[in-house]
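Working through the structure, step by step
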Amino acid sequence: MEEALKFIAKWRLGDIASIVSLVVVIIGFILTNIGVHRSRKAAEEARRAIARFDTISAVSAAIQALEEIKTLHRGKDWHILPHKYSEVRRSLVAIRAANPNFSSEHKTGLMNAVTQLANMENEMDRLLAVAETVDTDIAGLNAIISRQTDTLSRMLVEIKRTER
Amino acid sequence: MPQIERKFKELVMKLHARTQQGEIPWETTAGPDTFQVAFPDYSVSLSLDEDGWKVTYVLSIRNDQGNIIEVIRSDMEGEISDEYGLQKAMKELYEQARRQALGVEKAIDDLLGHLGAP
């Protein structure tokens with residue numbers, strides 16, 4: 001036993017062990033930090049992917065709802081239309097609120113669609129207040145809706161293309 | 001002139017100037033004689049309010065929810081209308097917006113093209 005202690009003292013194995021322990025602790029700390037960083041990055045990427053998926057779903061649903069509005073125009077289902085305009089407008093407002101980093105072009109496109117739908121809702125309410133049925137330019141209304149679906153479709157392509 | 005009214009007039013004048021340069025993409029809307037243009041956070045609608053012989057030009061500002069947050073009328077009582085030429089500026093702006101939204105200039109150029117040189 002004494003021989004062993006002498007050997008340890010001679011070769012300063014205690015100091016070496018301390019240094020090795022310190023190095024192991026530092027390496028462990030670095031590896032833990034890298035792991036935490038990777039986990040955070042993966043969680044952030046997953047969160048972004050989910051948000052992107054939600055946006056794609058919401059924009060697709062809005063395009064679908066706008067197409068339904070065109071069908072309602074053709075069917076002259078006037079009384080249901082103010083509610084539909086409002087519903088799609090609210091979904092577009094929600095898309096915008098969920099994507100504060102949208103480009104200026106996307107924000108302008110959404111703002112334009114929101115304003116068109118608000119104008120349509122006001123106009124339809126105004127017309128329905130004075131008559132049971134509405135005599136209006138269906139092709140004109142659908143042309144306005146088509147412009148909005150075109151804008152949203154372009155936006156959808158761009159959102160799908162980014163971060164791919 | 002109060003600060004806000006000064007800004008109303010500045011807004012109308014800037015829209016007027018930028019529309020004249022063809023830089024503002026005015027669009028038709030569901031409303032008769034109503035035109036709109038959107039920017040990233042707000043939009044502007046221009047419409048006519050006709051009451052017999054009297055025509056008033058109305059500029060509405062909407063926020064990102066689509067709600068009207070301000071209305072500027074060409075017949076606004078007070079300092080900014082006649083004294084500062086708001087009525088004239090809004091009338092010109094409305095006419096420019098209408099022509100731009102309906103593509104009147106393009107139509108006339110096309111017609112002139114078909115009719116040939118004099």
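As the structure is a computational prediction, the values presented were derived from the model and not from experiment. (Residues numbered from 1 in each chain as written. Chains lettered and ligands numbered in written order. Predicted model: local features only at pLDDT ≥ 70, side-chain atom pairs only at ≥ 80, totals over all residues. Heavy atoms only, no water.)

**Remarks on a nonpolar patch on the surface**
All names here are of chain A. Counted only if it meets this: Every patch collects residues that have over 30% relative accessible area and no salt bridge, joining them within 9 Å if they carry like charges and within 5 Å if they are nonpolar side chains (Val, Leu, Ile, Met, Phe, Trp, Tyr). Computed by Shrake-Rupley with a 1.4 Å probe, the accessible areas treat only the displayed protein chains as cover when residues are assessed. A pairing counts as a salt bridge when a side-chain nitrogen of Lys or Arg comes within 4 Å of a carboxyl oxygen of Asp or Glu. In this text, helices come from DSSP runs of H or I with a minimum length of four residues, and strands from runs of E with a minimum of two, each type numbered from the N-terminal end. Think of it in three bands: residues with accessible area under 20% of the maximum for their type are buried, residues over 50% are exposed, and the middle band is partly exposed, with areas taken using a 1.4 Å probe on protein chains only.
Together, M1, L5, F7, I8, W11, L13, I16, V20 and V24 line one region of the surface with nonpolar side chains, adding up to about 930 Å² of accessible area. Contributing elements (two or more residues each) for the nonpolar patch: α1 (2-10) and α2 (13-74). Element by element, the count of residues in the nonpolar patch is highest for α2, at 4 residues. By the secondary structure assignment, I8 is in helix α1. In this structure I8 comes out as partly exposed when scored by relative accessible area, which is 37%.

**Notes on the confidence of the model for chain B**
Residue and element names in this part refer to chain B. The condition is simple: Confidence of the prediction at every residue is given by pLDDT, a number between 0 and 100.
Of all residues in chain B, 91% have pLDDT values of 70 or greater, and the mean over the chain is 87. Across chain B, element-level confidence peaks in strand β2 (residues 35-38) with a mean pLDDT of 96 and bottoms out in helix α1 (residues 3-20) with 88. Under the prediction, the complex receives an ipTM of 0.84, its pTM being 0.81.

**Topic: the interface of chain B and chain A**
The following threshold applies: Any two residues having at least one pair of non-hydrogen atoms within 4.5 Å are treated as being in contact. Two parts placed together each lose some accessible area under a 1.4 Å probe, and the buried area is that loss summed for both. Definition of a polar contact: a pair of N or O atoms within 3.5 Å, with one able to donate and the other able to accept a hydrogen when the atoms are protein atoms, and with sequence-neighbouring residues admitted only if both atoms are side-chain atoms.
With 20 residues of chain B at the interface, the matching set in chain A holds 21 residues. Between chain B and chain A, roughly 1,600 Å² of surface is buried when both sides are summed, and carbon and sulfur atoms account for 48% of that area. On the chain B side of the contact with chain A, A30, P40 and R62 of chain B bury the most area, a combined 31% of that side's loss. Across the chain B-chain A interface, the total number found is 3 salt bridges. When the shortest N-O distance is used, the salt bridge between E27 of chain B and R147 of chain A registers 3.3 Å. Across the chain B-chain A interface, the total number found is 13 residue pairs in polar contact (both at pLDDT 80 or more).

**Structural notes on empty space enclosed by the protein**
Quick note on the threshold: Definitions used for this entry: grid spacing 1 Å over protein atoms alone; cavity, a set of points where a 1.4 Å probe fits but cannot get out; pocket, an open set with protein on both sides within 12 Å along at least 5 of 7 lines; lining residue, one with an atom within 4 Å of a point. Grid points are joined across faces, edges and corners, and a volume is the space filled by probe spheres set on the points. When residue character is reported, Ala, Val, Leu, Ile, Met, Phe, Trp, Tyr, Cys and Pro are called nonpolar, Asp, Glu, Lys and Arg charged, and the others, Gly included, polar.
The final tally for this structure, using the stated rule, is 1 cavity of 30 Å³ or more. In this model, the largest cavity occupies a volume close to 40 Å³. Counted by class, the lining of the largest cavity contains 6 nonpolar, 1 polar and 1 charged residues.

**Some points on the sheet that holds strand β4 (residues 54-62) of chain B**
Selection rule: For two strands to be treated as a pair, DSSP must find no fewer than two bridges joining them. To define axes, lines are fitted to C-alpha atoms, for helices over the stretch in contact only, and angles between the resulting N-to-C directions are given on a 0 to 180 degree scale.
On the basis of which strands lie adjacent, the open sheet formed by 5 strands has the order β1-β2-β3-β4-β5 (chain B) and antiparallel pairing. Only two strands of the sheet have a single neighbouring strand rather than two, namely β1 (27-28) and β5 (68-73) of chain B. Direction of pairing for strand β3 (residues 43-51) of chain B relative to β4 of chain B: antiparallel, over a ladder of 9 bridges. Considered in β4 of chain B, the bridge of D49 of chain B is made with T56 of chain B. Against the sheet, helix α4 (residues 104-130) of chain A makes contact with β1, β2, β3 and β4 of chain B, and its axis sits at roughly 150° relative to β2 of chain B, the strand it touches most. Strand contacts of helix α2 (residues 86-102) of chain B: β1, β2, β3, β4 and β5 of chain B, with the helix running at about 70° to β4 of chain B, the strand carrying the most contacts.

**Here's the deal with the pairing of β4 of chain B**
Residues and elements named next belong to chain B. β4 sits mainly inside the fold: 7 of its 9 residues count as buried. Counted between consecutive antiparallel strands, the loop separating β3 from β4 contains 2 residues, among which G52 sits at a positive phi close to 65°. Between β4 and β5, which follow one another and run antiparallel, lie 5 residues, and G66 among them has a positive phi close to 90°.

**Quick notes on unusual backbone geometry**
For K76 of chain A, which is not glycine, the phi dihedral falls at a positive 55°. Structurally, the position occupied by K76 of chain A is in the loop between α2 and α3 (81-98). In this structure K76 of chain A comes out as exposed when scored by relative accessible area, which is 52%. A positive phi is found at D33 of chain B, a non-glycine position, where the angle reads about 60°. Inspection of the secondary structure assignment puts D33 of chain B in the loop between β1 and β2.

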